[in-house]
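# Topology and contacts: notes
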Amino acid sequence: MNAPAAPPELRYSVCPHDCPSTCALEIERLDARTIGRVRGAGDNSYTAGVVCAKVARYAERANHPDRLRQPLRRKGPKGSGRFEPLSWDDALELTAEGLLAAERRHGPQAVWPYYYAGTMGLVMRDGIHRLRNVKRYSGQYSTICVTPAWTGYIAGTGKLAGADPREMARSDCVVIWGTNPAHTQVNVMTHAVRARKERGAKIVHVDVYRNATSEAADMAIILRPGTDGAFACAVMHVLFRDGMADRDYLERYTDAPRELEAHLAAKTPQWAARITGLPVPEIEAFARLVGRTPKTYFRLGYGFSRNRNGAVNMHAALCIAAVTGAWRHEGGGAFHNNGAIYHWNKTMIEGLDALDPAVRVLDQSRIGAVLTGDAGALKGGPPVEALLVQNTNPMMVAPDLNAVHRGFARDDLFVCVHEQFMTETAKMADVVLPATMFTEHDDLYQGGGHQHIMLGPRVVDAPEGCRSNHEVICALAKRLGATHPGFDMSVRELIDWTLVNSGWRGIAELEREKWFDVQPAFEAAHYLNGFAWPDGKFRFKADWAGVRPQGFGPAEGLPTLPDHHEAIEKPTAELPFRLATSPARNFLNSSFTETRSSVKREGRPTVLVHPSDAARAGVTEGARVRLGNPRGTVLVHARLFDGLREGVLVVEGIWPNASFEEGIGINALTGADPIGPVGGAAFHDNRVWMQAA
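The notes below deal with the structure included here.

Rules of the game
- Residues numbered from 1 in each chain as written.
- Predicted model: local features only at pLDDT ≥ 70, side-chain atom pairs only at ≥ 80, totals over all residues.
- Heavy atoms only, no water.
- 1 Å grid on protein atoms, 1.4 Å probe; cavity = no way out; pocket = protein on both sides within 12 Å on 5 of 7 lines; lining within 4 Å.
- Points joined across faces, edges and corners; volume = space filled by probe spheres on them.
- Helix = DSSP H or I, 4+ residues; strand = E, 2+ residues; numbered from the N terminus.
- Pairing = 2+ DSSP bridges.
- Salt bridge = Lys/Arg side-chain N within 4 Å of Asp/Glu carboxyl O.
- Buried < 20%, exposed > 50% of the residue type's maximum accessible area, 1.4 Å probe, protein only.
- Axes fitted to C-alpha atoms, helices over the stretch in contact; angles between N-to-C directions.
- Parallel < 35°, antiparallel > 145°, perpendicular 65-115°, else oblique.
- Left-handed = near helix turned anticlockwise from the far one by under 90°.
- Contact = heavy atoms within 4.5 Å.
- Nonpolar A, V, L, I, M, F, W, Y, C, P; charged D, E, K, R; others polar.
- Lys, Arg positive; Asp, Glu negative; His and termini not counted.
- Phe/Tyr/Trp six-rings, centres within 6.5 Å; stacked < 30°, edge-to-face > 60°.
- Lys NZ or Arg CZ within 6 Å of the ring centre and 35° of its normal.
- Polar contact = N/O pair within 3.5 Å; in protein donor to acceptor, adjacent residues only side chain to side chain.
- Core = buried A, V, L, I, M, F, W, Y, C linked by side-chain atoms within 4.5 Å.

This part covers empty space enclosed by the protein. Left-over empty space is what a probe sized like a water molecule reveals as it rolls over the atoms. Summed over the entire model, instances satisfying the criterion amount to one cavity of 30 Å³ or more. By volume, the largest cavity is sized at about 110 Å³. Surrounding the largest cavity, 14 residues form its lining, Cys 19, Ser 21, Cys 23, Cys 52 and Thr 184 being those nearest its centre. Secondary-structure elements contributing two or more residues to the lining of the largest cavity are α1 (53–56) and α7 (181–184).

So this is what it looks like as structure tokens:
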């Protein structure tokens, strides 16, 4: 009789993907190069043993037969997909020569290292800056995701931190606003559902359409896109009107409570109903719930900030917790991201000691305008003639996609892409370099949505031919003549240096403990010793003009006190619909669009259309429809759905361009014009027309 097979070896790691959950993981190691099942770590107090379904299937992605495993050089015309293999040495030499050639023609600022959050590991994501700073290449202002949300939150609290997110489990009401965590950060649901089960807490979801989170909630508030500020103002109007404002807290902890109350006198539920599409009784009911429930926790997401008034919306929603005094209570207050608690010293990772403030900084979201030669987008400097791309796929995910495609098609643009799969950006490259996945290298992580510093050790060996971001950056530095101590350090040495010089314990202790819980004390997290402004007050009066960096968004005309800011793309007779491009459950930006199980679960690109709108347009269930605006047009299939307001359309997921009949994806309809006051992309703020195809 054969002996039973030994159980797989269990290793720990951290999910690297662009999600605030930053889940602690347990991973089966089947052999030196192969992972098996992936589970959430049960001994991590935030992950609590739960991980999203797409990461649970990560072995399908890591072991995918289509992974890139050898450097490639373009052989045919750009975008043809014709490549030939070459050695790593030749690929690095070719890349270095492409960057040096652009530098010889127009100076180092003609080179733009372009990156984002395909991995959230601090070494692998941010090491590209070390090469940028040492070489004086063009800087990048990362605006595609967080800028308006962080700006709006900090406008109130003074720093990017809030109540311990594990306190959701100790709340009597959890308000999940502007995010769909059942799709995008499942651990929010873990703690909210625990509060309901153990405490009878109510879960409220505020969004622009009924989705998986709405279905799990006790109350679903479905707004028109970009009207969250109006809803928040009407709620605060009711709180003041009906004696539910905590006046003692307001006087002690806020800057202008009487001025706010007077300002809100005209912001009635009837006023907000006309803007938001909400019935007046729903506004009143929500206000009564949060006003009569001291332990209300506001979990504020990113989605509702991706409108042209997004920073104002975030600030307005945040203000409600100050009016009710929810910050006083465990299980109360507000949270968006904990980025300020880590106080990193990234000098060695990013080469900050070589940063030259005179070098221009280009807007990530405006890559289309940059590559097509817009003088404003180029900040008056030379054209970008070389790109080094890591951790992002702008040919699919960037706004104003037609301009992006035109820019990448330039014959005079040299492009090197370091990637795991032949993405649509990689197909436009002159050189493609195969990258490791998170299970194949060491890295350091922080929890955006929680409070852990986490080590992600290498679990298995990389496929032969794949190299990490750190290896590639250091190898290019040698060929480019770039010198810095960080280029001579191993990943583990960089992690240890960063931990110790940021005031934390070193890598040996982090490896032993797996993560450090660095949650500030209750009084600090709830700002009971004062908010992070010089006067210690929560600011109802936002100082938008004082936000930096200036010059990346319209800073004029923003309301000082919470309000409905009219900056959104309003419907017109020619463009009568408002389109939001919301996340899909089984994709994460462009990641997982290459795995068969995720594609099967999502089906095909689909637009959600209210049945009344469909009837007026002659659109039937499953029919092909064309969406369009001055930026472009896209063909999708219709799904009739009454879980949104009339006049609103939703397309879930960033599908590959090739998944659309005409080879252009949904971001052909999104604009790259910046959000005030300091930039950002308005992915959920698009007016369009719709026709039966």
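Here we take up the pairing of strand β22 (residues 624–629). For β22 and strand β23 (residues 632–640), the ladder comprises six bridges, and the chain directions are antiparallel. Along β23, the bridge assignment pairs Asn 629 with Gly 632. Hairpin connection between β22 and β23: a loop of two residues separates the two successive antiparallel strands. Across four bridges, the pairing between β22 and strand β25 (residues 686–692) is antiparallel. Paired with Arg 626 across the two strands is Gln 691, which belongs to β25.

Turning to the pattern of salt bridges, a few remarks are in order. Within this structure, the stated rule accounts for 48 salt bridges. Between Asp 164 and Arg 166 there is a salt bridge whose closest N-O contact spans 3.0 Å. In this pair, the class of Asp 164 matches that of Arg 166, namely buried. Two residues, Arg 328 and Asp 246, come together in a salt bridge whose shortest N-O distance is 2.9 Å. On the criterion of sequence distance, the pair formed by Arg 328 in the loop between α15 (310–324) and β12 (333–335) and Asp 246 in the loop between α10 (228–241) and α11 (247–253) is long-range, its members being 82 residues apart. Look at Arg 328 and you get partly exposed, because its relative accessible area is 28%. When salt bridges that share partners are traced, they join Arg 308, Glu 569, Arg 578, Arg 631, Asp 673 and Asp 685 into one network.

In this section: the side chain of His 183. The topology assignment puts His 183 in helix α7. His 183 sits in the buried class, given a relative accessible area of 9%.

Two numbers describe how α10 lies on α15: the axes approach to 8 Å, and their chain directions differ by 15 degrees. The pairing of α10 with α15 is recorded here as roughly parallel in orientation. The handedness of the crossing between α10 and α15 comes out as left-handed. Within the contact between the two elements, α10 uses Asp 228, Gly 229, Ala 232, Val 235, Met 236, Leu 239 and Phe 240 and α15 uses Asn 313, Ala 316, Ala 317, Cys 319, Ile 320, Val 323 and Thr 324. Grouping the amino acids of the contact of α10 with α15 by side-chain chemistry returns ten nonpolar, three polar and one charged.

The next point concerns the pairing of strand β2 (residues 24–31). Two faces, one strand: in a regular strand the side chains alternate between the faces of the sheet. One ladder, built from six bridges, connects strand β1 (residues 9–14) with β2; its direction is antiparallel. Residue pairing for β2: Tyr 12 is matched across the bridge by Glu 26.

Turning to helix α6 (residues 147–157), a few remarks are in order. Two residues of an α-helix separated by three or four positions point the same way, owing to the 3.6 residues in each turn. For α6, the buried fraction is high: nine of the eleven residues fall into the buried class. At the exit of α6 stands Gly 158, carrying a positive phi of roughly 95 degrees.

What follows concerns the sheet that holds β23. With mixed pairing, six strands are arranged side by side around a closed barrel as β20-β24-β21-β23-β22-β25. For this sheet the average axis-to-axis angle between neighbouring strands, irrespective of direction, equals 45 degrees. Note that strand β21 (residues 606–609) and β23 share four bridges and pair parallel. Across the sheet, Thr 606 pairs through a bridge with His 637, a residue of β23.

This part takes up the side chain of Arg 57. Residue position: Arg 57 is located in the loop between α1 and α2 (58–62). Although buried, Arg 57 forms no salt bridge, and the nearest oppositely charged side chain, Glu 60, lies 4.3 Å from it. Those residues in contact with Arg 57, other than ones at most four positions away along the chain, are Asn 586, Ser 597, Ser 598 and Arg 601.

Once that is clear, we can look at the packing of aromatic side chains. Per the stated rule, a full pass over the model turns up 17 aromatic pairs. Taken together, a centroid distance of 6.2 Å and an interplanar angle of 10 degrees make the contact between Tyr 342 and Trp 344 stacked. Judged by its relative accessible area of 0%, Tyr 342 is buried. Residue classification places Trp 344 among the buried residues on the basis of a relative accessible area of 17%. Cluster of aromatic residues (ring-pair linked, three or more members): Trp 327, Tyr 527, Phe 531, Phe 538 and Phe 540. One cation-aromatic arrangement involves Arg 61 over Phe 592; the distance from NZ or CZ to the ring centre is 5.6 Å. The positively charged end of Arg 539 is found above the aromatic ring belonging to Trp 533, 3.7 Å away from the centroid.

An order of β5-β4-β16-β15-β14-β6 is seen for the six strands of this open sheet, with the pairing classed as mixed. Looking at the sheet topology across the chains shown, the edges are occupied by β5 (83–85) and β6 (111–115). Ignoring strand direction, the axes of neighbouring strands in this sheet form an average angle of 20 degrees. Direction of pairing for strand β4 (residues 72–74) relative to β5: antiparallel, over a ladder of three bridges. Looking at the pairing, Leu 72 lines up with Pro 85 of β5. Contacts from helix α5 (residues 128–135) reach β6 and β14 (386–390), with the element oriented near 165 degrees to β6.

Bringing the environment of Asn 586 into the picture now. Among the structural elements, Asn 586 can be located in the loop between β20 (577–582) and α24 (596–602). Between the C-alpha atom of Asn 586 and that of Ser 597, which follows or precedes it by eleven residues, the distance is 8.6 Å. Contact partners of Asn 586, with chain neighbours within four places excluded, come to Lys 54, Arg 57, Phe 592, Ser 598, Arg 601 and Glu 602. Within the structure, the side chain of Asn 586 is placed 2.8 Å from the side chain of Glu 602, a separation counted as a polar contact.

Counting residues in hydrophobic clusters, the biggest one holds 89 residues, and the most contacted among them are Trp 177, Phe 231, Phe 286, Phe 298 and Ile 453. With ten residues, the top contributor of residues to this core is α10. Beyond its immediate chain neighbours, meaning those up to four positions away, Phe 286 contacts Val 175, Trp 177, Val 204, Met 219, Ile 221, Phe 231, Val 235 and Phe 298. Ala 614, Val 625, Val 636 and Phe 660 belong to the second-largest nonpolar core, a separate cluster that totals 51 residues.

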